[in-house]
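Coordinates in review
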Amino acid sequence: GLELSHCVGPNSLGPPVPWRSGGPCKMKRVRTVFKPEQLERLEQEFLKQQYMVGTERVDLAATLHLTETQVKVWFQNRRIKWRKQSMEQKAAKLSQFGVIQPATADSTDMKDHEEDTVDVEL
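Residues numbered from 1 in each chain as written. Predicted model: local features only at pLDDT ≥ 70, side-chain atom pairs only at ≥ 80, totals over all residues. Heavy atoms only, no water.

1. Examining the overall build of the chain
Spelled out, the test is: Working definition: helices are DSSP H or I runs of at least four residues, strands are E runs of at least two. Numbering for both runs from the N terminus. Burial status follows relative accessibility: with a 1.4 Å probe on protein chains alone, a residue under 20% of its type maximum counts as buried, one over 50% as exposed, and anything between as partly exposed. Surface exposure here means Shrake-Rupley accessible area, sampled with a 1.4 Å probe, where a residue is shielded only by the protein chains that are shown.
Check the secondary structure of the chain and you find four helices and two strands. When the helices and strands of the chain are placed in sequence order, the string is β-β-α-α-α-α. For the chain, buried positions account for 21% of its 122 residues. Just so you have it, the chain exposes about 9400 Å², and 56% of that area is on carbon and sulfur atoms.

Structure (structure tokens):
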């Protein structure tokens, strides 16, 4: 499951405070820190295929001692990074030839892939 830290008080610089009635408790998700070996294997798998589903994802998660959700989100985030890098390389090549890319091209390209956008990091 997801690990959550203690309640965060109004003073974010202070220590965590227990939940109090009269105000909501803001739980902060603990970010997953991948080991270098895990990242290396995830990158190897990404080079083979950008989408990992089903039993492949379950098996990889078990092999790396991660949850299936952690692997899923890593692949989603990695695809976003890959698309961004591809777009930047394309823009750099076009600028070498003096071709200016329309300002709307980036937003149009990204709308096609909104299902991969993930705001939460695990």
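From this point on, the discussion continues.
2. Quick word on the packing of helix α2 (residues 54-64) against helix α3 (residues 68-96)
Keep this limit in mind: To obtain an axis, a line is fitted to C-alpha atoms, over the contacting stretch when the element is a helix, and the angle between two such axes runs from 0 to 180 degrees between their N-to-C directions. When an angle is under 35 degrees it counts as roughly parallel; over 145 it counts as roughly antiparallel; between 65 and 115 it counts as roughly perpendicular; any other value is oblique. Handedness of each helix crossing follows the sense of rotation of the near helix against the far helix: counterclockwise by less than a right angle gives left-handed, clockwise gives right-handed. Any pair of residues with heavy atoms lying within 4.5 Å of one another is described as a contacting pair.
The N-to-C vectors of α2 and α3 enclose an angle of 110°; their axes lie 8 Å apart at closest approach. When the axis of α2 is compared with that of α3, the two are roughly perpendicular. Crossing of α2 over α3 shows right-handed handedness. From α2, G54, R57, V58, L60 and A61 reach across to α3, where they touch E68, V71, K72 and F75.

3. Description of helix α1 (residues 36-48)
Residues lying three or four places apart along an α-helix face the same way, a consequence of the helix completing one turn every 3.6 residues. Test applied: To estimate how far a helix should extend, the number of its residues minus one is multiplied by 1.5 Å. In this description, one arc is meant: the one made by directions from the helix axis to the C-beta atoms.
Taking 1.5 Å per residue as the helical rise, α1 with its 13 residues ought to reach 18 Å, and the 19 Å between its terminal C-alpha atoms agrees with that figure. Buried within α1 are the following residues: Q38, L42, E45 and F46. Seen from one end, α1 has its buried residues packed into an arc of 105°, which puts them on one side. Facing away from the buried surface of α1 by more than 90 degrees, the exposed residues are P36, E37, E40, L47 and K48. Where α1 is buried, its residues contact α2 and α3.

4. Focus: the packing of α1 against α2
Here is the rule we go by: Gly counts as polar in this scheme, as do all residues outside two lists: the nonpolar Ala, Val, Leu, Ile, Met, Phe, Trp, Tyr, Cys and Pro, and the charged Asp, Glu, Lys and Arg.
At a minimum axis separation of 10 Å, α1 and α2 run at an interaxial angle of 160°. As summarised for this structure, α1 and α2 are arranged roughly antiparallel, according to the angle between their axes. The handedness of the crossing between α1 and α2 comes out as right-handed. Contacts from Q38, R41, L42 and E45 of α1 reach α2 at L60, T63 and L64. A per-class count over the contact of α1 with α2 returns three nonpolar, two polar and two charged.

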